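This is what each chain is made of:
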Amino acid sequence: MGANGTIEEMNAKFGIAGIARVTAGNGGLPKVAVTAGGCAGEVYLLGATVTSWKPRGQDEVVFVSGATKWENGRAIRGGVPICFPWFGNKAGDPKAPAHGFVRAKPWALDRIAQNGGAVTVSLSTGSDEGTKKLWPAEFRLIQRVTFGAELTMELEMTNSGPAPLGFEEALHTYFHAGDVTQVRVHGLDGIHYLDKTDGNREKVQQGDVTIAKETDSVYLDTSSDVEVRDPVLRRRIRVSKQNSLVTVVWNPWIEKAKAMSDLGDEEWKQFVCVETCNVGKHAVTLASGEQHRMKAVIQLAQV
Ligand code: BG6
């Protein structure tokens with residue numbers, strides 16, 4: 001069962017013959033598989049997590065760990081989990097789930113629509129008795145994923161409660177890399193960042209970001225495009241964003257990868273996370289009834 005019926009019921013209601021179907025993915029979890037718009041792609045209802053995007057004739061762009069547990073209640077290790085309403089640990093409550101609670105629960109599938117040549121899958125979640133125990137707020141969150149020659153993800157948050165609401169958010173995007181130690185993340189030169197591997201010290205990026213150790217950097221006040229330049233896979237992945245002022249670059253490196261039960265010991269070499277976010281001093285506050293949309297557009301170019 002998904003959040004809104006069995007897989008068969010959801011496929012009968014939302015599937016589009018030859019273009020999009022709701023089917024059982026890993027662990028029997030429901031996912032939407034799309035083949036249209038010059039690409040193939042997948043999004044799981046668990047966390048509304050995109051797990052695949054392959055423009056026609058190209059290799060997989062998104063990384064997913066082979067050690068993912070594939071069960072409701074646990075985030076998928078890879079793809080594009082959504083961090084909300086806090087990023088990392090909840091302030092003042094280290095026992096609360098890291099990166100919030102929406103990445104580990106099944107979302108409702110609301111709609112699958114053809115959109116030009118592309119296909120948009122809309123999923124939603126919101127407050128209930130369980131979320132109110134962790135975060136006393138009323139909200140509705142929609143994730144709109146458009147699979148096409150580009151991959152677009154738009155996260156829409158509505159404050160449906162009576163009081164102003166502050167929150168953090170991230171599209172925690174894992175990109176597949178040929179060899180992460182050879183990747184250059186371009187577009188952050190001169191940007192101030194907090195180095196989470198060095199007690200959150202503020203530093204200034206010099207040139208491209210390279211991965212030569214554990215990397216956990218929160219780039220502030222930046223809305224610029226970022227390019228993941230991968231000489232091994234001979235491609236560039238471009239991330240453009242709207243309504244996001246923070247970009248996080250993360251790779252766990254050797255020791256942390258070994259300590260993670262849902263990541264293979266060697267898998268750190270195969271990905272870099274470039275995350276479209278609003279966190280820390282760029283957390284968002286919405287008045288009652290207000291909406292906020294954060295968007296990431298992913299493009300691929302061969303070089
Ligand atoms: C990154 C954080 O976004 O996610 C890191 O900046 C964190 O600090 C990483 O380690 C992975 O988090 P998790 O909860 O998925 O293991």
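Check the entry above for the structure.
Values in this document were obtained by computation on a predicted structure and should not be read as measured data.

Draft legend 1. The arrangement of the overall build of the protein in detail. Within the protein one finds three helices and 23 strands. The C-alpha radius of gyration computed for the protein amounts to 18 Å, which stays within 12% of the reference 19 Å derived for 303 residues, consistent with globular compactness. Each principal axis of the C-alpha distribution contributes one length, and for the protein these read about 50 × 50 × 35 Å. Looking at the protein residue by residue over its 303 residues, the buried ones come to 55%. Of the contacts made within the protein by residues no fewer than 6 positions apart, 63% connect residues no fewer than 24 positions apart. Accessible surface computed for the protein: about 12700 Å², of which carbon and sulfur atoms make up 46%.

Draft legend 2. Representation of the site of the ligand. By nearness alone, every residue bordering the ligand is listed as Arg-77, Phe-87, Ala-98, His-99, Arg-103, His-172, Lys-196, Asp-216, Val-248, Trp-250 and Glu-275. Within the side chain of Arg-103, an N or O atom sits 2.9 Å from an oxygen atom of the ligand. Contact with the protein chains removes 84% of the 390 Å² of surface that the ligand exposes when unbound. Within the shell around the ligand, the residues separate by chemical class into four nonpolar, two polar and five charged.

Draft legend 3. Region of interest: the packing of aromatic side chains. Scanning all chains against the criterion turns up 14 aromatic pairs. Ring geometry for Phe-63 versus Tyr-174: centroids 6.5 Å apart, planes at 25°, classification stacked. Placement of the pair is Phe-63 in the loop between β4 (49–55) and β5 (82–83) and Tyr-174 in strand β12 (residues 174–176), with a sequence separation of 111 residues. Comparing Phe-63 with Tyr-174, the two get one shared label, buried. Between Tyr-174 and Phe-271 the ring centres are 5.2 Å apart and the planes differ by 45°, which places this aromatic pair in the tilted class.

Draft legend 4. Here's a closer look at the sheet that holds strand β19 (residues 235–242). One open sheet holds the nine strands; their spatial order is β6-β7-β8-β9-β23-β19-β18-β13-β16, and the pairing between them is antiparallel. Of all the strands in the sheet, just β6 (108–115) and β16 (209–210) have a single pairing partner and so form its edges. As paired strands, strand β8 (residues 139–147) and strand β9 (residues 151–159) are joined by nine bridges and run antiparallel to one another. Each residue of the ladder has a partner; that of Arg-140, found in β9, is Thr-158.

Draft legend 5. Structural detail: the side chain of Glu-169. As for its position among the elements, Glu-169 is in strand β11 (residues 169–171). Nearest to the buried, unbridged Glu-169 among oppositely charged side chains is Lys-241, at 9.9 Å. Polar side-chain contacts of Glu-169 include one of 2.9 Å to the side chain of Asn-278. At a separation of 2.7 Å, a polar atom in the side chain of Glu-169 contacts the side chain of His-292. In this structure, Glu-169 is in contact with Cys-83, Phe-84, Leu-155, Thr-276, Cys-277, Asn-278, Val-279, Val-284, His-292 and Met-294, ignoring residues within four places of it in sequence.

Draft legend 6. Fine view of the nonpolar core. Counting 77 residues, the largest nonpolar core has Leu-109, Ile-112, Val-121, Trp-135 and Phe-147 as its most contacted members. Leu-109 has contacts with Asn-4, Met-10, Phe-14, Val-22, Val-32, Leu-45, Val-121, Ser-122 and Leu-123, leaving out every residue within four places of it along the chain. Of all hydrophobic cores here, the second largest spans nine residues; its members include Phe-87, Leu-220, Val-248 and Val-279.

Draft legend 7. Structural context of the sheet that holds β4. Spatially, four strands are ordered β1-β2-β3-β4 in an open sheet, and the strand pairing comes out antiparallel. In this open sheet, the two strands that pair with only one neighbour each are β1 (20–24) and β4. With direction set aside, neighbouring strand axes in the sheet form an average angle of 15°. Summarising the sheet, β1 and strand β2 (residues 30–36) pair through five bridges and their orientation is antiparallel. Along β2, the bridge assignment pairs Ala-24 with Pro-30.

Draft legend 8. Region of the structure containing the pattern of salt bridges. Here the structure, examined in full by the defined rule, presents 18 salt bridges. Residues Lys-31 and Glu-42 are paired through a salt bridge, measuring 2.8 Å at the closest nitrogen-oxygen approach. With Lys-31 in strand β2 and Glu-42 in strand β3 (residues 39–44), this residue pair connects regions lying eleven residues apart in the sequence. Lys-31 gets classed as buried once you look at its relative accessible area, which sits at 12%. Here Asp-221 ties to Lys-281 by a salt bridge, and the two come within 3.1 Å at their closest N and O atoms. Within this pair, whereas Asp-221 is found in the loop between β17 (215–219) and β18 (226–230), its partner Lys-281 is found in the loop between β21 (271–278) and β22 (284–286), the two being separated by 60 residues in sequence. In this structure Asp-221 comes out as partly exposed when scored by relative accessible area, which is 48%. Classification of Lys-281 as exposed rests on a relative accessible area of 60%. Taken together, the shared-partner salt bridges connect Asp-225, Glu-227, Arg-229, Arg-236 and Arg-238 into one network.

Draft legend 9. Layout of the environment of Tyr-219. Note that Tyr-219 resides in strand β17. For the pair formed by Tyr-219 and Ala-259, sequence separation is 40 residues and the distance between their alpha carbons is 26 Å. For Tyr-219, the residues in contact, after removing those within four places along its chain, are Leu-188, Ile-191, His-192, Tyr-193, Gln-205, Val-209, Leu-245, Val-246, Thr-247 and Val-249. Engagement of the side chain of Tyr-219 in a polar contact is seen with the side chain of Gln-205, the distance being 2.7 Å.

Calculation notes
- Residues numbered from 1 in each chain as written.
- Predicted model: local features only at pLDDT ≥ 70, side-chain atom pairs only at ≥ 80, totals over all residues.
- Heavy atoms only, no water.
- Helix = DSSP H or I, 4+ residues; strand = E, 2+ residues; numbered from the N terminus.
- Rg over C-alpha atoms; globule rule 2.2 N^0.38 Å.
- Buried < 20%, exposed > 50% of the residue type's maximum accessible area, 1.4 Å probe, protein only.
- Contact = heavy atoms within 4.5 Å.
- Areas by Shrake-Rupley, 256 points an atom, 1.4 Å probe, with all protein chains shown as cover.
- Near = heavy atom within 4 Å.
- Polar contact = N/O pair within 3.5 Å; in protein donor to acceptor, adjacent residues only side chain to side chain.
- Nonpolar A, V, L, I, M, F, W, Y, C, P; charged D, E, K, R; others polar.
- Phe/Tyr/Trp six-rings, centres within 6.5 Å; stacked < 30°, edge-to-face > 60°.
- Pairing = 2+ DSSP bridges.
- Lys, Arg positive; Asp, Glu negative; His and termini not counted.
- Salt bridge = Lys/Arg side-chain N within 4 Å of Asp/Glu carboxyl O.
- Core = buried A, V, L, I, M, F, W, Y, C linked by side-chain atoms within 4.5 Å.
- Axes fitted to C-alpha atoms, helices over the stretch in contact; angles between N-to-C directions.

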